[in-house]
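Understanding the architecture of this molecule
Chain residues, written in single-letter form:
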Amino acid sequence: MNYSYKQKKTGKVVAWLLIIILLIAAAGAVFVVLNKKDSDNTGSVDNGGGNNVDSEVTTIQEGLVMSAMPDFRLNEPIGLRYTTIISPELYNEVSKDENKSFGTLFGPLRFFTQVDTGESYEKIDWIKEFEKNELDPSFVESKPVAITSADGSLSHYIHKASIANIPYQGVNMQLLGIGFVKTVDGENVSYKYASLPEGLSYQNYACSYAYAAAEMLNERAALDLYMPQSNIDILKGVINQSVDLVAGLVEPTDNGSMYSVTLSETAKDLKLDEEFTINVEIAEEIPTSIWWQSTDMTVAIVKDGVVKAVGEGSATINVFVAGEKYTCSITVDNRIELPDAVE
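Reference entry: report on the structure contained in this document.

Procedures and definitions
- Residues numbered from 1 in each chain as written.
- Predicted model: local features only at pLDDT ≥ 70, side-chain atom pairs only at ≥ 80, totals over all residues.
- Heavy atoms only, no water.
- Core = buried A, V, L, I, M, F, W, Y, C linked by side-chain atoms within 4.5 Å.
- Buried < 20%, exposed > 50% of the residue type's maximum accessible area, 1.4 Å probe, protein only.
- Helix = DSSP H or I, 4+ residues; strand = E, 2+ residues; numbered from the N terminus.
- Phe/Tyr/Trp six-rings, centres within 6.5 Å; stacked < 30°, edge-to-face > 60°.
- Lys NZ or Arg CZ within 6 Å of the ring centre and 35° of its normal.
- Salt bridge = Lys/Arg side-chain N within 4 Å of Asp/Glu carboxyl O.
- Expected span 1.5 Å × (residues − 1).
- Contact = heavy atoms within 4.5 Å.
- Pairing = 2+ DSSP bridges.
- Axes fitted to C-alpha atoms, helices over the stretch in contact; angles between N-to-C directions.
- Polar contact = N/O pair within 3.5 Å; in protein donor to acceptor, adjacent residues only side chain to side chain.

Quick look at the nonpolar core
- With 77 residues, the main nonpolar core has Phe72, Phe112, Trp126, Tyr259, Ile317 and Ile330 as its most contacted residues.
- Per-element tally for this core: the top contributor is helix 6 (residues 209-223), with seven residues.

Section: the packing of aromatic side chains
- Across all of its chains, the model carries twelve aromatic pairs by this definition.
- Ring plane angle 10° and centroid distance 3.7 Å describe the contact between Tyr91 and Tyr157, whose orientation is recorded as stacked. In this pair, Tyr91 is assigned in helix 2 (residues 88-95) and Tyr157 in strand 7 (residues 154-164), connecting sequence segments 66 residues apart.
- Given a relative accessible area of 12%, Tyr91 falls into the buried group.
- Put simply, the rings of Phe111, Phe112, Trp126, Phe130 and Tyr202 touch in pairs and so form one group of aromatic residues.
- Between Lys268 and the ring centre of Phe276, over which it is positioned, the NZ or CZ distance is 5.4 Å.

Topic: the pattern of salt bridges
- Evaluated as defined, the whole model comprises four salt bridges.
- Arg81 is the salt-bridge partner of Asp71, the closest N and O atoms lying 3.0 Å from each other. With Asp71 in strand 2 (residues 71-73) and Arg81 in strand 3 (residues 79-86), this residue pair connects regions lying ten residues apart in the sequence.
- Accessibility expressed as a relative area gives 24% for Asp71, which makes it partly exposed.
- The salt bridge partner of Glu129 is Lys132, with a shortest N-O separation of 3.1 Å. With Glu129 and Lys132 both in helix 4 (residues 126-132) and three residues apart, the pair spans about one turn of that helix.

Regarding helix 7 (residues 229-246)
- Between the first and last C-alpha of helix 7 there are 26 Å, a value that for 18 residues agrees with the 26 Å anticipated at 1.5 Å per step.
- Turning to helix 7, the residues buried within the fold contact strand 2 and helix 6.
- Following helix 7 by one or two positions, Gly248 has its phi on the positive side, about 95°.

Quick look at the sheet that holds strand 17 (residues 313-321)
- Spatial ordering of the open sheet is given by 11-18-17-14, a layout of four strands whose pairing is mixed. Edge positions in the sheet fall to strand 11 (267-270) and strand 14 (290-294), since each has one partner strand and no second. Within the sheet, the average angular offset between the axes of one strand and its neighbour, ignoring direction, is 20°.
- As judged from the nine bridges shared by strand 17 and strand 18 (residues 324-332), these two strands associate in the antiparallel manner. Bridge assignment links Ile317 to a residue of strand 18, and that residue is Cys328.

Things to note about the side chain of Thr104
- You can see Thr104 is positioned in strand 4 (residues 100-108).
- Looking at Thr104, the relative accessible area reads 0%, which means it is buried.
- For Thr104, the side chain forms a polar contact with the side chain of His159, separated by 3.1 Å.
- When sequence neighbours within four positions are dropped, the list of residues in contact with Thr104 reads Thr84, Ser138, Phe139, Val140, His159, Ala161, Gly177, Ile178, Gly179 and Phe180.

Structure below.
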């Protein structure tokens, strides 16, 4: 049998296979080089897994954080005041650079939700988003104030800024203020913002003018703090406007309106370690400040409406809404009831 043709044909096939393998290997090498070049690129490159380089960018400024909640500014002009806490290191850095300054951005919460990009608030450049959406928030830029400790040493700096002269129609509007560091580099302006207190998003950090008034009235009533009657009248006047606005009145009045509050329980008998919840219903359905207080914490404790019996005796749970006190009487008796006798 003549194998010469088969051997020649086999040799040609092997040669072509070797050529194909070499071509595939070369293509793979080119792909690896190109892919490595792309992966080394510092720009925004999506590798298909969602790990975009831009996702690491943050607009939060280290050393800059908002205080727990805004407060009511009682001195003229009255308004809603936001406080930004600044570390000494950041203050020194900014104060030495004429191209940097501290400020606070204000606006209705709806502005912030309107320009929300879907990312966490730490990655949103609020001011640039407002500009793109032709929204017109307010800004306050001023020099921070030094805060010292009891021993006289420097603790930190604060930047205070207020939204003042809030109109009647805006008394229940959810407002938001966020501190920032502004940097000017020629024609380029950039911003980095304060972080919010732990556990708060920008949506639940926002509050209304009426909320701040209710908070201050609650603090005064619960802690029995002295406050000039003129200040009390201002705060109660805002609450009055808040209720009238919800009632549909187009102009403010001075009719002494207060929130209509109902507690789910006004008296309760408990056994030791038993818990129950007091629900507060406000007919006007306005988000407002609510303070809780137990008159005897050896008998009952309360947190966010949850009451727990911790010792035998009697106590009263005080609930403060816009400075008005509502109560629930608690009796804790841990005696065991004996079963009925069986004849």
